[in-house]
Amino acid sequence: MHKMTLPSPSAFNAELVSDRLETVSQMLLDELYATEDDLSRSTDSGYTRGCTTFGRQRSRIIAEAMSGRYGWLGLSNGSNDIVFTIGGVPCRFSNDDPSNPSKDAVLTVNRYQMDFLEFAAKGEPGRFCFIIDRGQNGAAEPRVEFLGFTPSGEVACRWISNAVRVLRLEGQQSLVQPVQVAKPQVAPKRRDEGDAESEAVQ
């Protein structure tokens, strides 16, 4: 796949606006970061992290779609070959290399995408996938690419996330409240108090 400048997905479908794509991308990245933080033992590997990352990302998308928090986010298929919708547009996701993908979510048409793809005109995208990119060696700061494919499998549109890692806080952290401290009482020392203290020391 080439990295030439391609139109934005919203140029073909008004439902695929950038703020919605950014929201889904952040969900996927949140789960990736959380998994990396959690699975840092010497007994963890790329396999354990990869499986856990995908499972958490899938569960997060399902939970967000079922919550009704985002009216535009739906769920067509909640199994391992998950397909969710953005404003009715079926989408998939994969942790893969967008320049040289190897996973089915990027390369093949899922049955829940077929009906939508049939209505795509020649040269226009009808199949969409979020791809979480870690670079060639898997060590780069992750970002998300959202690609739209034509019925013949060509990339017709591309969107890239504004990925910035946000520190994850457990639970809702409340600000520390100021504590009222009484003003110290300061007064000049009386001479007779000083004499009494001197006598007590002797």
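Residues numbered from 1 in each chain as written. Predicted model: local features only at pLDDT ≥ 70, side-chain atom pairs only at ≥ 80, totals over all residues. Heavy atoms only, no water.

**Q** In this structure, what is going on with the packing of aromatic side chains? I would like to understand it.
**A** A ring pair, where both rings are aromatic, is described by two values, the distance of the centres and the angle of the planes. Tallied over the full model, the rule gives five aromatic pairs. Considering the side-chain rings of Phe84 and Phe130, the 5.9 Å spacing of their centres and the 25° angle between planes classify their relative orientation as stacked. Residue Phe84 is found in strand S2 (residues 83-86), and its partner Phe130 is found in strand S4 (residues 127-133); the two are separated by 46 residues along the sequence. An aromatic cluster is present here, built from Phe84, Phe128, Phe130 and Phe146 joined pairwise through their rings. (Phe/Tyr/Trp six-rings, centres within 6.5 Å; stacked < 30°, edge-to-face > 60°. Helix = DSSP H or I, 4+ residues; strand = E, 2+ residues; numbered from the N terminus.)

**Q** What exactly am I supposed to notice about helix H2 (residues 46-67) here?
**A** Count 3.6 residues to each turn of an α-helix, and residues three or four apart come out pointing the same way. Taking 1.5 Å per residue as the helical rise, H2 with its 22 residues ought to reach 32 Å, and the 31 Å between its terminal C-alpha atoms agrees with that figure. For H2, the elements touching its buried residues are helix H1 (18-38), strand S1 (73-77), S2, strand S3 (89-95) and S4. With its phi angle positive at about 80°, Gly68 sits one or two positions after the end of H2. (Expected span 1.5 Å × (residues − 1). Contact = heavy atoms within 4.5 Å.)

**Q** Would you explain the packing of H1 against H2 in this entry?
**A** Two quantities define a packed helix pair, namely the angle between the helix axes and the distance between the axes. The contact between H1 and H2 brings their axes to 9 Å, and the two run at 140°. With respect to their mutual orientation, H1 and H2 come out oblique. Handedness of the crossing formed by H1 with H2: right-handed. For the pair H1 and H2, the contacting residues are Val24, Met27, Leu28, Asp30, Glu31, Leu32, Ala34, Thr35 and Asp38 in the first and Arg49, Thr52, Thr53, Arg56, Gln57, Arg60, Ile61 and Glu64 in the second. (Axes fitted to C-alpha atoms, helices over the stretch in contact; angles between N-to-C directions. Parallel < 35°, antiparallel > 145°, perpendicular 65-115°, else oblique. Left-handed = near helix turned anticlockwise from the far one by under 90°.)

**Q** Sorry, what's going on with the pattern of salt bridges here?
**A** If the charged atoms of two oppositely charged side chains come close together, the side chains can form a pair. If you walk through the whole model with that rule in mind, you get nine salt bridges. The partner of Arg143 in a salt bridge is Asp133, with the nearest N and O atoms 3.9 Å apart. On the criterion of sequence distance, the pair formed by Arg143 in strand S5 (residues 143-149) and Asp133 in strand S4 is long-range, its members being ten residues apart. For Glu145, the salt bridge is made with Arg158, and the minimal N-O distance between the two is 2.9 Å. With Glu145 in strand S5 and Arg158 in strand S6 (residues 155-160), this pair connects stretches of sequence that are 13 residues apart. The burial state of Glu145 is the same as that of Arg158; both residues are buried. Among the ionic contacts, a cluster of salt bridges with common partners joins Asp30, Glu31, Arg60 and Glu64. (Salt bridge = Lys/Arg side-chain N within 4 Å of Asp/Glu carboxyl O. Buried < 20%, exposed > 50% of the residue type's maximum accessible area, 1.4 Å probe, protein only.)

**Q** Honestly, the state of the cysteines in this entry has me stumped. Any pointers?
**A** Put plainly, two cysteines are in a disulfide when a covalent bond ties their sulfur atoms together. A full pass over the atoms with the stated rule returns zero disulfides. Here Cys91 stays unpaired: no disulfide links it, and the sulfur of Cys129, its closest cysteine neighbor, is 8.5 Å away. (Disulfide = S-S within 2.5 Å.)

**Q** Please clarify how the nonpolar core should be interpreted in this entry.
**A** Burial of nonpolar side chains together is a common tendency in soluble globular proteins. By size, the foremost hydrophobic cluster in this structure holds 27 residues, and its most contacted members are Val24, Phe84, Ile86, Cys91, Phe130 and Phe146. Secondary structure elements with two or more residues in this core: H1, H2, S2, S3, S4, S5 and S6. Residue contributions to this core peak at seven residues, all from H1. Residues within four places of Ile86 in sequence aside, it is in contact with Glu15, Leu16, Arg20, Leu21, Val24, Trp72, Cys91 and Phe130. Membership of the second largest hydrophobic core comes to seven residues, among which are Ile131, Leu147, Phe149 and Val155. (Core = buried A, V, L, I, M, F, W, Y, C linked by side-chain atoms within 4.5 Å.)

**Q** How should I be thinking about the side chain of Glu64 in this particular structure?
**A** The topology assignment puts Glu64 in helix H2. A residue is classified by how much of its surface remains accessible, and Glu64, at 10% relative accessible area, is buried. Polar contacts involving the side chain of Glu64 include one to the side chain of Arg60, which spans 2.9 Å. Contacts of Glu64, omitting those with residues within four sequence positions, involve Met27, Arg69, Tyr70 and Leu73. (Polar contact = N/O pair within 3.5 Å; in protein donor to acceptor, adjacent residues only side chain to side chain.)

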